[in-house]
Amino acid sequence: MKLIASLLIAAALVAPALSQAAEPAAPAAKADLAKGEATYNTICAACHGAEGNSGVPAYPKLAQQHPDYLVKQLQEFKSGKRANAIMMGMAAGLSDADMKNVAAWLGSKTSAANFAKEKDLVVLGERIYRGGVADRQIAACAGCHNPTGAGIPAQYPRLAGQHADYTVSQLTAFREHGNKGAGQNVGRGNSAQMSGVAAKLNDREIKAVADYVAGLR
């Protein structure tokens, strides 16, 4: 009888734990687009333009960008993994919820069309973007960023229509990091994959790819 009683007590203690373990995880809170718009207009719009369509070539267009990618970049600015004095200061005051709201709102906007400006470079830019450079083991950009520049959600950013000046600055920063000496913290170091690719590109190739990307739709 004592053995049966002990087993019954043990079963009673285990049952609540099993019940709790079986409960499904609470769904993640949905982004609040209204709050995202308010935060964006207060903090971001001065540089990145109305609805994420920057009118200044040095500042990236953010409209229609994948929300998960934007959240990742904001988190890395805040942590210092991606170094930029202005953006590190802006991101410092944003909570995870703020970032999620802003990113979701920007993802719901439409990116304004852009165009290539350097006709003599477009052919080279297209060749690299679509086919890479085989003899230097440079992978085609389209493999990750999509032939249309749409990117892949949560993995690779949208590039279509981005300002060529901004794309040049980022590829150059990735290249600086990829070619850095031991112990040097230079350039943009938050993507080993991009640092590896950009390290093999010369100035003309970077400019050509950036100009081609600007004209993608």
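Our subject is the structure that appears above.
What comes next concerns the included structure. (Residues numbered from 1 in each chain as written. Predicted model: local features only at pLDDT ≥ 70, side-chain atom pairs only at ≥ 80, totals over all residues. Heavy atoms only, no water.)

Our next topic: the overall build of the protein chain. Helix and strand counts for the protein chain come out as 10 helices and 0 strands. Mapped from its N terminus to its C terminus, the protein chain presents α and β elements in the order α-α-α-α-α-α-α-α-α-α. Across the protein chain, the fraction of contacts at a sequence separation of at least 24, relative to all contacts at a separation of at least 6, is 65%. If you sum the accessible surface of the protein chain, you get close to 12400 Å²; carbon and sulfur atoms cover 59% of it. (Helix = DSSP H or I, 4+ residues; strand = E, 2+ residues; numbered from the N terminus. Contact = heavy atoms within 4.5 Å. Areas by Shrake-Rupley, 256 points an atom, 1.4 Å probe, with all protein chains shown as cover.)

So, on to helix α8 (residues 164–178). For α8, spanning 15 residues, the distance from its first C-alpha to its last is 21 Å, which sits close to the expected 21 Å at 1.5 Å a residue. Within the span of α8, buried status applies to Ala164, Tyr166, Thr167, Gln170, Leu171, Ala173, Phe174, Arg175 and His177. Looking at the buried residues of α8, the elements they touch are α9 (192–198) and α10 (203–214). (Expected span 1.5 Å × (residues − 1). Buried < 20%, exposed > 50% of the residue type's maximum accessible area, 1.4 Å probe, protein only.)

Let us look at the nonpolar core. Core analysis: the biggest nonpolar cluster contains 19 residues, and Ile128, Tyr129, Leu171, Leu201, Val209 and Leu216 have the highest contact counts within it. For this core, the elements supplying multiple residues, two or more each, are α6 (119–131), α8 and α10. The element contributing the most residues to this core is α10, with 5 residues. Val209 has contacts with Gly125, Ile128, Cys141 and Leu171, leaving out every residue within four places of it along the chain. (Core = buried A, V, L, I, M, F, W, Y, C linked by side-chain atoms within 4.5 Å.)

Inspection of the entire model under this criterion finds 1 cavity of 30 Å³ or more. What the largest cavity holds in volume is close to 60 Å³. As for the largest cavity, its lining consists of Lys61, Ala63, Gln65, Ser111, Arg158, Leu159, Ala160, Gly161 and Gln162. Within the lining of the largest cavity, the residues separate by chemical class into 3 nonpolar, 4 polar and 2 charged. (1 Å grid on protein atoms, 1.4 Å probe; cavity = no way out; pocket = protein on both sides within 12 Å on 5 of 7 lines; lining within 4 Å. Points joined across faces, edges and corners; volume = space filled by probe spheres on them. Nonpolar A, V, L, I, M, F, W, Y, C, P; charged D, E, K, R; others polar.)

Within the fold, Glu126 resides in helix α6. Along the sequence, Glu126 and Pro147 sit 21 residues apart, while their C-alpha atoms lie 9.8 Å from each other. Contact partners of Glu126, with chain neighbours within four places excluded, come to Gly131 and Tyr212.

Turning to the side chain of His163, a few remarks are in order. Structurally, His163 is set in the loop between α7 (142–145) and α8. A distance of 2.8 Å separates a polar atom in the side chain of His163 from the backbone oxygen of Ser54. Apart from the residues within four sequence positions on either side, His163 is in contact with Ser54, Val56, Pro57, Tyr59, Lys61 and Asn114. (Polar contact = N/O pair within 3.5 Å; in protein donor to acceptor, adjacent residues only side chain to side chain.)

What follows covers the pattern of salt bridges. Close approach of charged atoms allows side chains with opposite charge to pair. Applying the stated rule across the entire model yields 5 salt bridges. Two residues, Arg130 and Glu126, come together in a salt bridge whose shortest N-O distance is 3.5 Å. Remark: Glu126 and Arg130 occur in helix α6; sequence separation between them is 4 residues, near one turn of the helix. On the basis of relative accessible area, Glu126 is assigned to the partly exposed category, the value being 33%. Between Asp203 and Arg175 there is a salt bridge whose closest N-O contact spans 2.5 Å. (Salt bridge = Lys/Arg side-chain N within 4 Å of Asp/Glu carboxyl O.)

These results come straight from atomic positions and should not be treated as a statement about function.
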